[in-house]
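Structural description and commentary
Now for the letters of each chain:
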Amino acid sequence: MQGGQMIVEENTKLSSVLTPSKPSYIQSLTKIVGTLGPNSRSMEVIEACLKAGMSVARFDFSWLDGDYHQETLENLRMAMKNTKKLCAIMLDTTGPEMQVCNKTGNPIDFKADSHVTVTSDLSKELSAEVLPVDYAELAKMVRKGDTVYLGQHLFTGHETASVWLEVMETKGQDVICLVRNSATLAGSMFTVYVSNVPINLPTLTEHDKQVISKWGSRNNVDFISLSYACHGEDVKELREFLKKQNLSETQIYAKVETVEGLKHFDEILREADGIIFGRGNLGIDLPPEKVFLFQKYAVSKCNLMGKPVVITRVVDSMTGNLRPTRAEATDVANAVLDGADGIMLGAETLRGLYPVESITIVGKICAEAENVYNHSLHFKRIIRCVEEPMSYAESVASSAVRSAVKVKAALIVVFTSSGRAARLIAKYRPSVPVVAIVIPRLRANSLKWTLSGAAQVRQLLGVRGVYPILGSPDAATSGGEEPGLRLAIEHGRSVGLLKSNDRIVVFQKIGDSAVVKIVEVQGQLLV
Ligand SMILES: Nc1ncnc2c1ncn2[C@@H]1O[C@H](COP(=O)(O)OP(=O)(O)O)[C@@H](O)[C@H]1O
Ligand SMILES: C=C(OP(=O)(O)O)C(=O)O
Ligand SMILES: [K+]
Ligand SMILES: [Mg+2]
């Protein structure tokens, strides 16, 4: 393998900048998580989002109730049926978050250098001078000089969409603040965030537990995004809770978005199934010049562990514009070059004017970055860090990725039940798509038999480069290995990823051994 030491392939040609990329069935190997809300909840818009490349839908319970999200989810289900595109479901917890309710929905103008009283007295009316917040301990937790941010639900980095307040003094349950920038806040709810001051509530609140046990169970959610994860223990606690709710298959993505989370990043990563790198809040907790540094560390650690990592808040300005800023577009590409598995869109899809365009443009940027991503450098870095002796599966999975490069394969096919084998292949970041055939398993509890597989398929939709399909439970037993492989080839052909004489690399475990083989599309064995 070549590649050199640069983060992009050293043989990248300047002329490629001017060459338009060919459209492909796969918009990008990097996955796109879209937050669904008022501007992205109709079946038509969701269909367009799926076609544009959204493969995970986030339901943010910081805002509105289960009935509202249920309606959106029903639309998503119809949209999946109509487009024949799968999408995973992510429930995002509220966590210890403070909110201001704007009952009238009228926009509120804040003027720089004016004063505002933030109070926990909820009988007070909301205005540009008084902000009632749903947290009784607020005045006790802040001190003179602290910074309080106030923004629309999913506040963006735009100073015109969020307000920065400086604490002057506290009086009883009131906090008197100086308004630092002029802004107009619209919408029915504003989020309040005090930079670097932990709020005295558990990461998984009682409200979150209720939402998970009702909405999460009813819909068998694929992922929980655990907001404000601060310790490995937070993830463990949620895992225990999920078991009790009969949701033990649900994966946990810890949203690391505070300095507390940063301090305990390694233990959080150990416990979680994936990480959401929440730059919205982190961008407030950390000085702007430090965020990239944590991003590099976090993405690299996730890559080494082979756990998916999703970067948030990339194209904030697309909330109101058809094009991202130059800095945002470059930032998306850099997240891909860092090694991110996914990009999460928040305000852009939830309440932005251009949800579909935001997904499309992010997908295009990701695809361009993937084209020049230095896969071999990544491969070498990962393999250097795996302890020896390697597990057989890891050794063979990495060989599968290497073989795919050497024989210029068009696809890698992997058989998996839990999804583990597909993640192992993805860890080595192949430059070609990985079609994961998920073989369902029959499971029994004291009451009934169930087939696993559907959740594992959807969960792989969050892993860079992996395209899961559900195999048949008897593929492994009836007629040997061919039916499963045929399914992958037919799928690859039908979507234009494979043509005659293309080679594919197959990774599978048979009994206790893991094997790689190289197959030509006609079915003729080359090796
Ligand atoms: N060619 C094939 N066709 C159909 N099923 C296969 C084929 N190769 C392997 N399998 C089955 O796929 C499943 C993969 O599961 P497993 O090896 O446990 O992966 P993981 O550890 O990722 O869950 C096994 O049940 C295996 O028998
Ligand atoms: C994704 C983030 O948080 P939220 O869930 O509030 O959108 C973030 O802070 O980047
Ligand atoms: K949330
Ligand atoms: Mg956040």
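About the cut-offs
Residues numbered from 1 in each chain as written. Chains lettered and ligands numbered in written order. Predicted model: local features only at pLDDT ≥ 70, side-chain atom pairs only at ≥ 80, totals over all residues. Heavy atoms only, no water. Buried < 20%, exposed > 50% of the residue type's maximum accessible area, 1.4 Å probe, protein only. Helix = DSSP H or I, 4+ residues; strand = E, 2+ residues; numbered from the N terminus. Contact = heavy atoms within 4.5 Å. Donors = N, O, S within 2.8 Å, 3.2 Å for Na, K, Ca; no water. Axes fitted to C-alpha atoms, helices over the stretch in contact; angles between N-to-C directions. Parallel < 35°, antiparallel > 145°, perpendicular 65-115°, else oblique. Left-handed = near helix turned anticlockwise from the far one by under 90°. Nonpolar A, V, L, I, M, F, W, Y, C, P; charged D, E, K, R; others polar. Patch = residues over 30% accessible without salt bridge, like charges linked within 9 Å, V, L, I, M, F, W, Y side chains within 5 Å. Areas by Shrake-Rupley, 256 points an atom, 1.4 Å probe, with all protein chains shown as cover. Salt bridge = Lys/Arg side-chain N within 4 Å of Asp/Glu carboxyl O. Near = heavy atom within 4 Å. Polar contact = N/O pair within 3.5 Å; in protein donor to acceptor, adjacent residues only side chain to side chain. Pairing = 2+ DSSP bridges. Domains from an automatic or database assignment. Phe/Tyr/Trp six-rings, centres within 6.5 Å; stacked < 30°, edge-to-face > 60°.

**Focus on helix 1 (residues 43-52)**
- Buried residues of helix 1: Ile46, Glu47, Cys49, Leu50 and Ala52, and no others.
- Along its buried surface, helix 1 packs onto strand 2 (54-60), helix 2 (66-83) and helix 12 (355-372).
- Just beyond helix 1, the residue with positive phi is Gly53, at close to 125°.

**A look at the coordination of the potassium ion (ligand 3)**
- Each protein donor to the potassium ion (ligand 3) is listed here as Asp60 (OD), Ser62 (OG), Asp92 (OD) and Thr93 (O); together their distances run 2.5 to 2.8 Å.
- On the primary sequence, the residues serving as donors to the potassium ion (ligand 3) are separated as D-x1-S-x29-D-T. Neither residue differs from the other here; Asp92 and Thr93 are each classed as buried.

**Re the packing of helix 14 (residues 392-406) against helix 15 (residues 420-427)**
- Between helix 14 and helix 15, whose axes approach to 8 Å, the crossing angle comes to 55°. Between helix 14 and helix 15, the crossing angle belongs to the class labelled oblique. The two elements helix 14 and helix 15 meet at a crossing, and its hand is right-handed. Residue-level inspection shows Ala393, Glu394, Ala397, Ala400 and Val401 of helix 14 in contact with helix 15, the latter providing Leu424, Ile425 and Lys427.
- Partitioning the contact of helix 14 with helix 15 into residue classes produces six nonpolar, no polar and two charged.

**Regarding the coordination of the magnesium ion (ligand 4)**
- Looking at the magnesium ion (ligand 4), the protein donor atoms are Glu257 (OE) and Asn281 (OD1), and they sit 2.1 to 2.2 Å from it. With Glu257 in the loop between strand 14 (251-256) and helix 6 (259-263) and Asn281 in helix 8 (residues 279-285), this residue pair connects regions lying 24 residues apart in the sequence.
- Residue classification places Asn281 among the buried positions, given a relative accessible area of 7%.

**So, a nonpolar patch on the surface**
- Side chains of Leu14, Val17 and Leu18 sit close together on the surface and give an oily, nonpolar patch of about 410 Å² of accessible area.
- Mapped onto the fold, Leu18 is located in the segment before strand 1 (31-35).
- Residue classification places Leu18 among the exposed residues on the basis of a relative accessible area of 76%.

**A short note on the packing of helix 10 (residues 326-338) against helix 12**
- Running from N to C, helix 10 and helix 12 cross one another at 50°; their axes reach a closest spacing of 8 Å. Considering their axes alone, helix 10 and helix 12 lie oblique with respect to each other. Relative to helix 12, helix 10 is oriented so that their crossing is right-handed. On the side of helix 10, the interface is formed by Ala329, Val332, Ala333, Val336 and Leu337, while helix 12 contributes Val362, Ile365, Cys366, Ala369 and Glu370.

**Quick notes on the site of ligand 2**
- The immediate surroundings of ligand 2 are formed by Arg58, Asp92, Leu154, Lys255, Glu257, Gly278, Arg279, Gly280, Asn281, Thr312 and Arg313.
- A distance of 2.8 Å is found between an oxygen atom of ligand 2 and a side-chain nitrogen or oxygen belonging to Arg58.
- Between an oxygen atom of ligand 2 and a side-chain N or O atom of Glu257, the distance comes to 3.1 Å.
- Starting from 290 Å² of accessible surface for ligand 2 in isolation, the protein chains cover 95%.
- Looking at the shell around ligand 2, the element that brings in the most residues is helix 8, giving three residues.
- Considered class by class, the residues forming the shell around ligand 2 number one nonpolar, four polar and six charged.

**Digging into the pairing of strand 16 (residues 309-312)**
- Covered by surrounding structure in strand 16 are Val309 and Ile311 together with Val310 and Thr312, the residues of both alternating faces.
- Where strand 15 (residues 274-277) lies against strand 16, three bridges are found, and the strand directions are parallel. In the strand pairing of strand 16, Ile276 is matched with Val310.
- Summarising the sheet, strand 16 and strand 17 (residues 342-345) pair through three bridges and their orientation is parallel. Directly across from Ile311, in strand 17, lies its bridge partner Ile343.

**A short note on the domain arrangement of the chain**
- Here the chain is partitioned into domain 1 (26-95 + 203-371), domain 2 (98-194) and domain 3 (386-520).
- A separation of 51 Å is found between the C-alpha centroids of domain 2 and domain 3.

**Description of the packing of aromatic side chains**
- Under the criterion given, the structure shown has ten aromatic pairs.
- Taking the centre distance of 5.7 Å and the plane angle of 85° together, the rings of Phe265 and Phe294 count as edge-to-face. Pair noted here: Phe265 is in helix 7 (residues 265-271) and Phe294 is in helix 9 (residues 291-305), with a separation of 29 residues, a long-range link.
- In this structure Phe265 comes out as buried when scored by relative accessible area, which is 1%.
- Overall, Phe294 belongs to the buried group, its relative accessible area being 7%.
- For the pair Phe265 and Tyr297, a centre-to-centre distance of 6.1 Å together with 70° between the ring planes defines the contact as edge-to-face. Of this pair, Phe265 sits in helix 7 while Tyr297 sits in helix 9; the two residues are 32 residues apart in sequence, bridging distant segments of the chain.
- Overall, Tyr297 belongs to the partly exposed group, its relative accessible area being 37%.

**Concerning unusual backbone geometry**
- Across the junction of Glu388 and Pro389, the peptide omega takes the value 0°, indicating a cis bond.
- One non-glycine residue, Asn220, adopts positive backbone phi at about 45°.
- Mapped onto the elements, Asn220 comes out in the loop between helix 4 (206-219) and strand 13 (223-226).
- Even without being glycine, Arg429 reaches a positive phi, approximately 45°.
- Since its relative accessible area comes to 5%, Arg429 is described here as buried.

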